[in-house]
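Per-entry structural report
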Amino acid sequence: MHELGIVFHIINEIEEVGKENKLETVSSVTVEIGEVSGVLHDYLEDCWKWACSKSELMNGAELKVEVIPAVTYCENCKGEYKTVKYGKTCPYCQSDKTYLLKGNEIMIKEIEAR
């Protein structure tokens, strides 16, 4: 379960921002998670609630998740397509000379705090 490690990393980053900006409390955090990142949203939410309860700044903070669709690029025909629907093989030219453009990332998008 790498979700707990992800949550700790996010909370550590937010606590640093909180110190720099003299924040009292964080009410919500919006994260963008790639569709093929391997992160399980239910586990992430459970880890979030537990870890936030251990932090004075983060206690009670809501986690909002936005999914980044996975997109793959084909080197042969220069096309882009939905990774989850078609996998590694390009639906336009059937080439397997492809690579993931986006959809594997995890990023903090927004912090609501006072």
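The rules behind these values
Residues numbered from 1 in each chain as written. Predicted model: local features only at pLDDT ≥ 70, side-chain atom pairs only at ≥ 80, totals over all residues. Heavy atoms only, no water. Patch = residues over 30% accessible without salt bridge, like charges linked within 9 Å, V, L, I, M, F, W, Y side chains within 5 Å. Areas by Shrake-Rupley, 256 points an atom, 1.4 Å probe, with all protein chains shown as cover. Salt bridge = Lys/Arg side-chain N within 4 Å of Asp/Glu carboxyl O. Buried < 20%, exposed > 50% of the residue type's maximum accessible area, 1.4 Å probe, protein only. Disulfide = S-S within 2.5 Å. Helix = DSSP H or I, 4+ residues; strand = E, 2+ residues; numbered from the N terminus. Pairing = 2+ DSSP bridges. Axes fitted to C-alpha atoms, helices over the stretch in contact; angles between N-to-C directions. Core = buried A, V, L, I, M, F, W, Y, C linked by side-chain atoms within 4.5 Å. Contact = heavy atoms within 4.5 Å.

Some details on a nonpolar patch on the surface
On the surface, a cluster of nonpolar side chains totalling about 220 Å² of accessible area is made up of V36, V84 and L100. What makes V36 partly exposed here is its relative accessible area of 34%.

Some words on the state of the cysteines
Counting across every chain of the model gives 0 disulfides. Looking at C47, it has no disulfide partner, and the nearest cysteine sulfur is the one in C52, 11 Å off. With a relative accessible area of 8%, C47 lands in the buried category. With no disulfide partner, C90 has as its closest neighbouring cysteine sulfur the one in C77, 3.7 Å distant.

Section: the pattern of salt bridges
According to the stated counting rule, one finds 3 salt bridges in the structure shown. Of the charged contacts, one joins E24 and R114 as a salt bridge, the two residues approaching to 3.1 Å between their closest N and O atoms. A residue pair is termed long-range when its members are at least 10 positions apart, and E24 in the loop between α1 (3-20) and β1 (26-34) and R114 in the segment after β6 (106-113) qualify at 90 residues. Since its relative accessible area comes to 58%, E24 is described here as exposed.

Focus: the sheet that holds strand β3 (residues 71-74)
One open sheet accounts for 3 strands, arranged β4-β3-β5; its pairing is antiparallel. Both edges of this open sheet fall to β4 (80-82) and β5 (98-102), since each of them pairs with a single strand only. Sheet twist, expressed as the average angle between the axes of neighbouring strands with direction ignored, equals 35 degrees. Bridge analysis of β3 against β4 gives 3 bridges, and the strand direction is antiparallel. Following the sheet pairing, T72 is matched in β4 by Y81.

A short note on unusual backbone geometry
Trans peptide bonds make up most of the peptide bonds, and negative phi angles are found at most residues other than glycine. Notably, K78 is not glycine yet its phi reads approximately 65 degrees, a positive angle. The exposure class assigned to K78 is exposed, which follows from its relative accessible area of 53%. Residues other than glycine seldom take positive phi values, yet Q94 does so here, at roughly 65 degrees. Among the secondary structure elements, Q94 is positioned in the loop between α3 (83-86) and β5.

Examining the nonpolar core
With 19 residues, the main nonpolar core has V29, W48 and M58 as its most contacted residues. Contributing elements (two or more residues each) for this core: α1, β1 and α2 (41-52). Excluding residues within four positions of it along the chain, W48 makes contact with V7, I10, I11, V29, M58, A61, E62 and L63.

Some points on the pairing of β3
Going residue by residue along β3, you find V71 and Y73 tucked away on one face and T72 and C74 tucked away on the opposite face as well. Taking the residues between adjacent antiparallel strands as the criterion, β3 and β4 are bridged by 5 residues, where K78 takes a positive phi near 65 degrees. Summarising the sheet, β3 and β5 pair through 4 bridges and their orientation is antiparallel. In the strand pairing of β5, T72 is matched with L100.

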